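Residues per chain, in single letters:
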Amino acid sequence: MQFTVAIDGPAAAGKGTISKAVAAHFGFAHLDTGLLYRAVGARVLTGDDAIAAARGLTTADLERPSLRTGEVAQEASKVAVIPEVRHALLEFQREFAEREGGAVLDGRDIGTVICPDAQVKVFVTASAEVRADRRYKELVAQDPEIKLAEVLADVIARDKRDSERATAPLVAAKDALLIDTSDLSIPEAVAQVVAAIDEARGA
Ligand code: CDP
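Note that this is a predicted model, so its numbers are computed, not measured.

Enquirer: I'd love a proper account of the pairing of strand β4 (residues 120-125), names of residues and values included.
Expert: Within β4, 5 of the 6 residues are buried, which leaves the element mostly enclosed by the surrounding structure. For strand β1 (residues 4-8) and β4, the ladder comprises 4 bridges, and the chain directions are parallel. Bridge pairing in β4 links Ile7 to Val122.

Enquirer: Please set out unusual backbone geometry residue by residue, giving values where relevant.
Expert: At Ala12, a residue that is not glycine, the phi angle is positive and equals roughly 55°. For Ala12, the location among the structural elements is in the loop between β1 and α1 (15-26). A positive phi is found at Ala168, a non-glycine position, where the angle reads about 50°. Here Ala168 shows up in the loop between α9 (148-164) and β5 (177-180).

Enquirer: So what's going on with the sheet that holds strand β3 (residues 103-107)? Residues and values would help.
Expert: As summarised here, the arrangement of the 5 strands in space is β2-β3-β1-β4-β5, forming an open sheet in which the pairing is parallel. Of all strands in the sheet, those bounded by a partner on one side alone are β2 (29-32) and β5. Averaged over all pairs of adjacent strands, the angle between their axes in this sheet comes to 20°, without regard to strand direction. Contacts from helix α6 (residues 83-97) reach β1, β2 and β3, with the element oriented near 145° to β3. Packing of helix α10 (residues 186-200) onto the sheet brings it into contact with β1, β4 and β5, and relative to β5 it is tilted by some 170°.

Enquirer: Let's hear about the site of the ligand: which residues, and what values?
Expert: Near the ligand you find 18 residues, and of these Arg38, Arg86, Arg135, Arg158 and Asp162 are the closest. Side-chain polar atom of Asp109 to a nitrogen atom of the ligand: 3.0 Å apart, as the coordinates give it. Here an oxygen atom of the ligand and a side-chain polar atom of Asp162 are 2.5 Å apart. Within the complex, the protein chains bury 97% of what would otherwise be the 530 Å² of accessible surface of the ligand. Sorting the residues of the shell around the ligand by element identifies α2 (34-45), α5 (70-79) and α9 as the ones contributing at least two each. When residues in the shell around the ligand are grouped by element, the largest group, 3 residues, is from α2. A breakdown of the residues in the shell around the ligand according to their chemical character gives 5 nonpolar, 4 polar and 9 charged.

Enquirer: A description of the layout of surface pockets should follow, citing residues and the corresponding values.
Expert: In this structure, the largest pocket encloses a volume near 700 Å³. In terms of lining, the largest pocket is formed by 33 residues, of which the most central are Lys15, Asp32, Arg38, Arg68 and Arg135. If you list the elements that add at least two residues to the lining of the largest pocket, you get α1, β2, α2, α5, β3, α8 (128-139) and α9. Along the lines of polarity and charge, the residues of the lining of the largest pocket split into 9 nonpolar, 9 polar and 15 charged. Within this model, the second largest pocket holds a volume of roughly 180 Å³. Lining the second largest pocket are Gln2, Phe3, Thr4, Arg94, Ala97, Glu98, Ile114, Cys115, Pro116, Asp117, Ala118 and Gln119. Taken together, the residues of the lining of the second largest pocket sort by class into 6 nonpolar, 3 polar and 3 charged.

The rules behind the values
Residues numbered from 1 in each chain as written. Predicted model: local features only at pLDDT ≥ 70, side-chain atom pairs only at ≥ 80, totals over all residues. Heavy atoms only, no water. Buried < 20%, exposed > 50% of the residue type's maximum accessible area, 1.4 Å probe, protein only. Helix = DSSP H or I, 4+ residues; strand = E, 2+ residues; numbered from the N terminus. Pairing = 2+ DSSP bridges. Axes fitted to C-alpha atoms, helices over the stretch in contact; angles between N-to-C directions. Contact = heavy atoms within 4.5 Å. Near = heavy atom within 4 Å. Polar contact = N/O pair within 3.5 Å; in protein donor to acceptor, adjacent residues only side chain to side chain. Areas by Shrake-Rupley, 256 points an atom, 1.4 Å probe, with all protein chains shown as cover. Nonpolar A, V, L, I, M, F, W, Y, C, P; charged D, E, K, R; others polar. 1 Å grid on protein atoms, 1.4 Å probe; cavity = no way out; pocket = protein on both sides within 12 Å on 5 of 7 lines; lining within 4 Å. Points joined across faces, edges and corners; volume = space filled by probe spheres on them.

In structure tokens, the structure reads:
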């Protein structure tokens, strides 16, 4: 059985947490596609060329411990503007989406570019303040010096770069279910996605 769930949205909207929970509920595989761009960004920060890094990405790159920092996130959104970088990562994502047993992919362009035929598409959003606050709580555990204002500025800068780029910009697919998590708990958001998948599968 092939079944693809595409979950897109701006930075720190809760896509990762929702995707993991939905994948666990149905026993589907989950791919955090942001990690691919973060891994390319991390290699650029250590002096590599972005396109060469994207073409030669390895599992070890995806397992680097520092991929979740704000610095890597910013660099990820810079390399994500480069069409050749996006192209180099496309096939891996499509193959993942088509695997047997179902797949959930989260990112920015899953429902629009990577898997335009996904059976279920979701666009998760929340106000920039709510998203920055959530990301701040995650990051402060590793870096007690970090400031909420810095995290908010990072989120706003990345959203702008992701939305304004020419190739695969951040935009909701026309047929996506829109979920605003500003005033919604993550379990409530998960329940909405689970219901949409159940309906698409005729359960
Ligand atoms: O976790 P968060 O939402 O903050 O970011 P992420 O999903 O890890 O993505 C990091 C960056 O990678 C984003 O700001 C995008 O620039 C880029 N990205 C992308 O262009 N396309 C994707 N499918 C996923 C991420």
